[in-house]
Amino acid sequence: MSTDTPQSPDPAANAEDVADLQARIEELEEELSAVRSDVGDDQKKMTIIATKGTFDMAYPPLILASTAAAFGWDVVVFHTFWGLDILHEEKSKNLKMSAVGNPSMPMPNAVATLPFMDSMATKMMEKKIDEQGTATIDELIEMSLDTGVDLQACQMTMELMDYDEDEMYDDVTTGVGAATALEHMADADIQLLV
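The sections below set out a description of the structure shown in this document. The structure displayed is predicted, hence computed values, not measured ones.

Thoughts on the overall build of the chain
- Within the chain one finds seven helices and five strands.
- In the chain, the order of α-helices and β-strands from amino to carboxyl end is α-β-α-β-α-α-α-β-α-β-α-β.
- In the chain, 73% of the contacts between residues at least 6 apart in sequence involve partners at least 24 apart.
- Entry remark: accessible area of the chain is about 12,400 Å², with carbon and sulfur atoms responsible for 54%.

Set out below in structure tokens:
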């Protein structure tokens with residue numbers, strides 16, 4: 001039988017091991033943090049430039065923006081020139097659909113040029129939207145804002161059209177220049193001009 005007795009652990013050695021282990025944990029945490037920074041945010045980004053303010057052209061940027069935001073994307077819609085009317089609380093309720101030159105309209109251009117045809121085409125589309133239960137422009141704006149879409153109003157266009165920021169929907173970002181829109185576009189995965 002062996003007369004060797006187990007030696008009691010050396011407290012100094014244990015303290016050194018614990019210190020080494022703690023240092024290694026801190027080192028690994030720093031490496032993990034650096035990897036996370038290098039990988040960056042994998043959130044997709046989309047920038048839409050909305051330039052048209054007709055009834056039918058208000059839908060595409062708002063539908064695409066609200067859908068992308070529902071998927072967790074970072075979405076900016078920069079409204080400039082006539083597209084700014086989409087964000088104008090009063091004007092957005094009176095957008096018209098142009099019947100002239102629209103190949104999807106079931107009427108010849110000669111008839112579409114009559115003074116009342118734009119209003120008639122708009123009423124027909126509003127009726128169809130109501131029958132189908134499709135969201136209105138107002139509802140799409142609210143949905144976009146609620147899902148985190150950054151609806152931006154071009155400052156130069158606001159000045160050109162003599163619009164005041166109080167006339168825009170609440171939570172619309174005003175005072176935005178083209179340079180800001182370009183910065184977001186440069187980093188975006190998807191850029192669209194509507």
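Okay, back to it.
Considerations on the pairing of strand 2 (residues 74-79)
- Most of strand 2 is tucked away, with five of its six residues classed as buried.
- Of the pairings in the sheet, the one linking strand 1 (residues 45-50) to strand 2 comprises six bridges and is parallel in character. Residue pairing in the sheet places Lys45 in a bridge with Asp74 of strand 2.
- With helix 2 (residues 55-70) bridging strand 1 and its parallel neighbour strand 2, the resulting β-α-β unit is right-handed.
- Both strand 2 and strand 3 (residues 150-154) contribute to a ladder of four bridges, which runs parallel. Residue Val76 lies in a different strand from strand 3, and its bridge partner there is Asp150.

What to know about unusual backbone geometry
- Residues other than glycine seldom take positive phi values, yet Phe81 does so here, at roughly 45°.
- Looking at the secondary structure, you find Phe81 in the loop between strand 2 and helix 3 (109-112).
- Accessibility expressed as a relative area gives 36% for Phe81, which makes it partly exposed.
- For Asp171, which is not a glycine, the phi torsion comes out positive at approximately 75°.

A short note on the nonpolar core
- Counting residues in hydrophobic clusters, the biggest one holds 39 residues, and the most contacted among them are Val75, Val77, Ile137, Ile141 and Leu151.
- Every element with two or more residues in this core is listed here: strand 1, helix 2, strand 2, helix 4 (117-132), helix 5 (137-146) and strand 3.
- With seven residues, the top contributor of residues to this core is helix 2.
- Ignoring anything within four residues of it in the chain, the contact list for Val77 reads Ile48, Ala50, Pro61, Ala65, Val149, Asp150, Leu151 and Gln152.

Describing the side chain of Ser92
- Topologically, Ser92 is positioned in the loop between strand 2 and helix 3.
- Those residues in contact with Ser92 that lie beyond four places of it in its chain are Asp85, Ile86, Ile137 and Tyr169.

Digging into the pattern of salt bridges
- Scanning all chains against the criterion turns up four salt bridges.
- Note that Glu27 is salt-bridged to Arg24, the shortest N-O span being 2.8 Å. Linking Glu27 with Arg24, this pair stays in helix 1 (residues 11-39), spanning three residues, or about one helical turn.
- Classification of Glu27 as partly exposed rests on a relative accessible area of 38%.
- What makes Arg24 partly exposed here is its relative accessible area of 39%.
- As a salt-bridge pair, Glu131 and Lys127 come within 3.4 Å of each other at their nearest N and O atoms. Remark: Lys127 and Glu131 occur in helix 4; sequence separation between them is four residues, near one turn of the helix.

Digging into helix 4
- With 16 residues, helix 4 should cover 22 Å at 1.5 Å per step; its first-to-last C-alpha distance of 22 Å lies within 8% of that length.
- Those residues of helix 4 not exposed but buried are Met117, Ala121, Thr122 and Ile129. Down the axis of helix 4, the smallest arc covering the buried residues is 135°, so these residues share one side. Those residues of helix 4 that are exposed and aimed more than 90 degrees away from the buried face are Lys123, Lys127, Asp130 and Glu131.
- Residues of helix 4 that are buried sit in contact with helix 2 and helix 3.
- Downstream of helix 4 by one or two residues, Gly133 has phi in the positive range, about 75°.

Reading the values: rules and limits
Residues numbered from 1 in each chain as written. Predicted model: local features only at pLDDT ≥ 70, side-chain atom pairs only at ≥ 80, totals over all residues. Heavy atoms only, no water. Helix = DSSP H or I, 4+ residues; strand = E, 2+ residues; numbered from the N terminus. Contact = heavy atoms within 4.5 Å. Areas by Shrake-Rupley, 256 points an atom, 1.4 Å probe, with all protein chains shown as cover. Buried < 20%, exposed > 50% of the residue type's maximum accessible area, 1.4 Å probe, protein only. Pairing = 2+ DSSP bridges. Right-handed = clockwise from strand over helix to strand, strands pointing away. Core = buried A, V, L, I, M, F, W, Y, C linked by side-chain atoms within 4.5 Å. Salt bridge = Lys/Arg side-chain N within 4 Å of Asp/Glu carboxyl O. Expected span 1.5 Å × (residues − 1). Arc of directions from axis to C-beta.

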